[in-house]
Amino acid sequence: MGSNLINPSTMPFLSEARTAALSDPNLYPKVLGPILGILDQHNTSLEIVRWVADFIAEALSSPTLTPDDKQPLALAVLPTLQRLIENGVDGVHDVEVQKSVIQASSSAYPVVFRHVVTKPCDSSVWQTMAAIKSTILRHLDSYPPGVRVCAIKFVQRVVQTQSPGLPADPRRPEQNEISLSIVPRDHALLKSDHLEAEMSGLLDRLLGILQDEPMEDGLLVFAALNSLGTLVKSRPTITPKVFQALFMFNPLKYVSTPLTTKSKIVVRSLERTIRALMVGVMKRNPNHPLGGRMQVYLERLHHARQAMFEEASRKRLAPSDVQDNSEAPKRQKMDTEAQRIAISTSQHEVDAKRPLPSSYADLFNLADPPQGAMFDVQSLARDTVVKLIVPLLTSRFSD
């Protein structure tokens, strides 16, 4: 496949095919064959490969198609999915192609599983599906984050398919839920013990994401929690194991400090996701044996998150508080000095507004307080006045 060549006549055909299939899902089988044939051309561009992979994922996840309708589609695309997931495009594993292929494989897995249950002689189909599963699981921890999210969804679908569900009704096999319960004990290809053991190991890997992954943006943790919510709702047999891991999960443990706005949003969103998961379980079963532990866990998580945010707020305000305390004495001294200057200025303004003295009594009473003008000098004895005049005149002229 050429990565830079684009056939101008191909894209209009693909757009028309998608529009027709979206308007009438029954056309998916008719348009899928010619679209898959495009990938066999040597001049197929990367853009077209991306488009075809996305179209396959879209067709297999269509809510308007029943599992019976999807079965021939899934069987038809399996070789293409295997080639793209193993070899990529011209030996290069494009992220967008990987996402679409893994999403398509997630939708195809239970459909192919049911087909093999009813037709154990079709070993080639199961071998192809098993090869796709093996490749995805082998690179689960090394995929880029966006691809890992799709791979986590694939793991959830495998766990859901290979774990026991509702008891199968042999009289209405078409209505039975796709799970390990529909596999006969003497099936030639599917061994219940092996499938259940693999399921248990994959569930442990899914639960391990909650303990091993750093929070950062929480992308993988959110994907794991959403997958666990689906499993808890559909597979009660594995609920105790899931909740045992959830009760040990502390999202605050992986948050780096100092807290940022982004990390706060992640923590709040994780708390809401966990709360929605547990509250949903308690609503469906008010007498759930783990209901009390769920409530205690949610309360503890809520209070721990509040305490962390309050502590972060205090640490952020601490430097400014210290600075304010160190500046307080200087500010008080400056305020006192400013007040003294203001009082002195107001006194001078009052003195400037006083009228000029018109008598000796007014002359000697220019200073505050003015109560001295009320004193009668004539009441003093002559000898006393004579004794006072000399020192008063001396002090006045010495200034």
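Scroll up for the structure.
To start, this report covers the structure provided alongside it. (Residues numbered from 1 in each chain as written. Predicted model: local features only at pLDDT ≥ 70, side-chain atom pairs only at ≥ 80, totals over all residues. Heavy atoms only, no water.)

### Some words on the overall build of the chain
- The secondary structure content of the chain amounts to 14 helices and zero strands.
- Tracing the chain from N to C terminus, the helices and strands come up as α-α-α-α-α-α-α-α-α-α-α-α-α-α.
- Among the 399 residues that make up the chain, the fraction classed as buried is 38%.
- Within the chain, residue pairs in contact and separated by at least 24 positions form 69% of the contacts whose partners lie at least 6 positions apart.
- Carbon and sulfur atoms make up 57% of the accessible area of the chain, which totals about 23500 Å². (Helix = DSSP H or I, 4+ residues; strand = E, 2+ residues; numbered from the N terminus. Buried < 20%, exposed > 50% of the residue type's maximum accessible area, 1.4 Å probe, protein only. Contact = heavy atoms within 4.5 Å. Areas by Shrake-Rupley, 256 points an atom, 1.4 Å probe, with all protein chains shown as cover.)

### With respect to the pattern of salt bridges
- Within this structure, the stated rule accounts for 12 salt bridges.
- For the salt bridge of Arg-18 with Glu-58, the shortest nitrogen-to-oxygen distance reads 3.4 Å. Within this pair, whereas Arg-18 is found in helix H1 (residues 10-23), its partner Glu-58 is found in helix H3 (residues 46-60), the two being separated by 40 residues in sequence.
- Classification of Glu-58 as partly exposed rests on a relative accessible area of 25%.
- A salt bridge links Glu-96 to Lys-99; its shortest N-O distance comes to 4.0 Å. With a gap of three residues between them, Glu-96 and Lys-99 both fall in helix H5 (residues 95-118), about one helical turn apart.
- Looking at Lys-99, the relative accessible area reads 24%, which means it is partly exposed.
- It is possible to trace a salt-bridge network through shared partners that takes in Arg-18, Asp-54 and Glu-58. (Salt bridge = Lys/Arg side-chain N within 4 Å of Asp/Glu carboxyl O.)

### Describing the packing of aromatic side chains
- Counted by the stated rule, this structure contains eight aromatic pairs.
- Relative to Phe-154, the ring of Tyr-109 has its centre 6.0 Å away and its plane inclined at 75 degrees; by these criteria the two rings are edge-to-face. Within this pair, whereas Tyr-109 is found in helix H5, its partner Phe-154 is found in helix H7 (residues 145-161), the two being separated by 45 residues in sequence.
- On the accessibility criterion, Tyr-109 (0% relative accessible area) is buried. (Phe/Tyr/Trp six-rings, centres within 6.5 Å; stacked < 30°, edge-to-face > 60°.)

### Some points on the nonpolar core
- Ile-56, Phe-113, Leu-228, Phe-243, Leu-246 and Met-278 are the most contacted members of the largest nonpolar core, which totals 99 residues.
- Residues in contact with Phe-243, not counting those within four places in the same chain, are Val-232, Leu-277, Met-278, Val-281, Leu-290 and Met-294.
- Counting residues in each nonpolar core, the second largest holds six residues, with Val-255, Leu-259, Val-267 and Ala-312 among its members. (Core = buried A, V, L, I, M, F, W, Y, C linked by side-chain atoms within 4.5 Å.)

### Points about unusual backbone geometry
- The phi dihedral of Asp-90 is positive, around 55 degrees, even though this residue is not glycine.
- Taking relative accessible area as the criterion, Asp-90 reaches 44% and is therefore assigned partly exposed.

### Quick word on the side chain of His-288
- Within the fold, His-288 resides in the loop between helix H11 (261-284) and helix H12 (291-353).
- For His-288, the side chain forms a polar contact with the main-chain nitrogen of Leu-290, separated by 3.0 Å.
- In contact with His-288, other than residues within four places in its own chain, are Thr-239, Val-281 and Met-294. (Polar contact = N/O pair within 3.5 Å; in protein donor to acceptor, adjacent residues only side chain to side chain.)

### So, the environment of Thr-237
- You can see Thr-237 is positioned in the loop between helix H9 (219-234) and helix H10 (239-247).
- Sequence separation of Thr-237 and Gly-165 is 72 residues, and the distance between their C-alpha atoms is 8.0 Å.

### Examining the packing of helix H8 (residues 192-212) against H10
- For the pair H8 and H10, the least separation of the axes is 10 Å and the interaxial angle reads 20 degrees. On the basis of the axis angle, H8 is roughly parallel to H10. Considering only the axes of H8 and H10, their crossing is right-handed. In this structure, H8 contributes Ser-200, Leu-203, Asp-204, Leu-207, Leu-210 and Gln-211 to the contact, and H10 contributes Lys-241, Val-242, Ala-245 and Leu-246.
- Residues that form the contact of H8 with H10 fall into these classes: six nonpolar, two polar and two charged. (Axes fitted to C-alpha atoms, helices over the stretch in contact; angles between N-to-C directions. Parallel < 35°, antiparallel > 145°, perpendicular 65-115°, else oblique. Left-handed = near helix turned anticlockwise from the far one by under 90°. Nonpolar A, V, L, I, M, F, W, Y, C, P; charged D, E, K, R; others polar.)

### Let's talk about H5
- The terminal C-alpha atoms of H5 lie 35 Å apart, and with 24 residues this matches the ideal 34 Å at 1.5 Å per residue to within 8%.
- Where H5 bends most, the angle comes to about 35 degrees, and this point is Ala-108, followed within four residues by the proline Pro-110.
- Where burial is concerned, most of H5 is hidden: 19 out of the 24 residues are buried. (Expected span 1.5 Å × (residues − 1). Bend = angle between axes of the 7 residues up to and from the residue.)

### A closer look at the packing of H3 against H5
- Closest axis-to-axis distance for the H3/H5 pair is 8 Å, and the angle between their directions is 20 degrees. Our classification of the angle between H3 and H5 gives roughly parallel. Seen along the crossing, H3 lies across H5 with a hand that is left-handed. Seen from H3, the contacting residues are Leu-46, Val-49, Arg-50, Ala-53, Asp-54, Ile-56, Ala-57 and Leu-60; seen from H5, they are Glu-96, Val-97, Ser-100, Val-101, Gln-103, Ala-104, Ser-107 and Ala-108.

### A closer look at the environment of Asp-94
- You can see Asp-94 is positioned in the loop between helix H4 (67-87) and H5.
- Each C-alpha atom, one on Asp-94 and one on Val-49, is 9.9 Å from the other, the two residues being 45 residues apart in sequence.
- Setting aside anything within four residues of it in sequence, one finds Asp-94 in contact with Leu-46 and Arg-50.
- At 3.1 Å, the side chain of Asp-94 forms a polar contact with the backbone nitrogen of Val-97.

### Some remarks on H4
- End to end, H4 covers 28 Å across 21 residues, agreeing with the expected 30 Å (1.5 Å per residue, within 8%).
- The largest bend in H4 is about 40 degrees, located at Val-77, with the proline Pro-79 one to four residues further on.
- Of all the positions in H4, only Lys-70, Gln-71, Leu-73, Ala-74, Val-77, Leu-78, Thr-80, Leu-81, Leu-84 and Ile-85 are classed as buried.
- Once H4 finishes, Gly-88 follows within two positions and takes phi at roughly 70 degrees, a positive value.

### Remarks on the side chain of Gln-156
- Mapped onto the fold, Gln-156 is located in helix H7.
- Taking relative accessible area as the criterion, Gln-156 reaches 1% and is therefore assigned buried.
- Look past the residues within four positions of Gln-156 in its chain and what remains in contact with it is Ser-227, Thr-230 and Leu-231.

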